[in-house]
Amino acid sequence: MESKNGTKQWYQRRVRGGGPGSVRGFYEDGIGRPLGGTIHWGAGFSFTRNLPFSPHIWGLGKYMRVHHFANAGNVGSCKDELIKDPRVSVGSGLIMKIANFRMEINYAVPIRHQPDDVVNHGLQFGIGINFM
């Protein structure tokens, strides 16, 4: 595969974005299909709050929170491609923290996407490790 400047590049070295760990509302590696890009960016904003019921019910209040989020990101092979038409999604979900682990179940709505992207409009599950 050749890049724009004529150098050869392996297909496996191309990057794609999306998924619960980067831009929610898209499947894992759903941004930048079919060929991907050489650089990517992603950003997110999240607002968390306590559960809407008493934290003493079933003891869940210590571990669970509600969050609302907005995510954006893009994939490209040059700076101009990264700035043009970023992918954006918004949504809400539940966060459960146990020790250093974090589990999320979210309802995400992609509000800006490209025709080749693989969107996941609806429920999405993620699990990860909290470092902070």
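As a reminder, the structure under discussion sits directly above these lines.
Residues numbered from 1 in each chain as written. Predicted model: local features only at pLDDT ≥ 70, side-chain atom pairs only at ≥ 80, totals over all residues. Heavy atoms only, no water.

Some remarks on the layout of surface pockets
One number sums up the size of the second largest pocket: a volume of about 330 Å³. Those elements that place two or more of their residues in the lining of the second largest pocket are β1 (39–49), β2 (64–76), β4 (101–112) and β5 (122–129). By residue number, the principal contributor to the lining of the second largest pocket is β5, which donates four residues. (1 Å grid on protein atoms, 1.4 Å probe; cavity = no way out; pocket = protein on both sides within 12 Å on 5 of 7 lines; lining within 4 Å. Points joined across faces, edges and corners; volume = space filled by probe spheres on them. Helix = DSSP H or I, 4+ residues; strand = E, 2+ residues; numbered from the N terminus.)

Considering the sheet that holds strand β3 (residues 87–98)
With antiparallel pairing, the five strands of this open sheet are ordered in space as β1-β2-β3-β4-β5. Here the strands that pair on one side only, and so sit at the sheet edges, are β1 and β5. Averaged over all neighbouring strand pairs, the angle between strand axes comes to 30°, with direction disregarded. Taken together, the ten bridges between β2 and β3 define a ladder with antiparallel strand orientation. Opposite alanine 70, over in β3, you have valine 90 as the bridge partner. (Pairing = 2+ DSSP bridges. Axes fitted to C-alpha atoms, helices over the stretch in contact; angles between N-to-C directions.)

Side note on the pairing of β2
Counting buried positions along β2 gives ten out of 13 residues, so the element sits mostly inside the fold. As paired elements, β1 and β2 share eleven bridges and run antiparallel to each other. If you follow arginine 49 over to β2, its bridge partner there is valine 66. (Buried < 20%, exposed > 50% of the residue type's maximum accessible area, 1.4 Å probe, protein only.)

Some points on the pattern of salt bridges
Here the idea is simple: oppositely charged side chains can pair when their charged atoms come close. Within this structure, the stated rule accounts for four salt bridges. Put simply, glutamate 104 and arginine 24 hold a salt bridge, and the shortest N to O gap is 3.1 Å. Placement of the pair is glutamate 104 in strand β4 and arginine 24 in the segment before β1, with a sequence separation of 80 residues. Arginine 24 sits in the buried class, given a relative accessible area of 10%. One salt bridge connects arginine 87 with aspartate 117, and the closest N-O pair in it is separated by 2.7 Å. Linking arginine 87 in strand β3 with aspartate 117 in the loop between β4 and β5, this pair joins segments that are 30 residues apart in sequence. (Salt bridge = Lys/Arg side-chain N within 4 Å of Asp/Glu carboxyl O.)

Observations regarding a nonpolar patch on the surface
Together, Leu94, Ile105, Tyr107, Leu123, Phe125 and Ile127 line one region of the surface with nonpolar side chains, adding up to about 610 Å² of accessible area. Residue contributions to the nonpolar patch peak at three residues, all from β5. Examined against the element boundaries, isoleucine 105 turns out to sit in strand β4. On the basis of relative accessible area, isoleucine 105 is assigned to the partly exposed category, the value being 41%. (Patch = residues over 30% accessible without salt bridge, like charges linked within 9 Å, V, L, I, M, F, W, Y side chains within 5 Å. Areas by Shrake-Rupley, 256 points an atom, 1.4 Å probe, with all protein chains shown as cover.)

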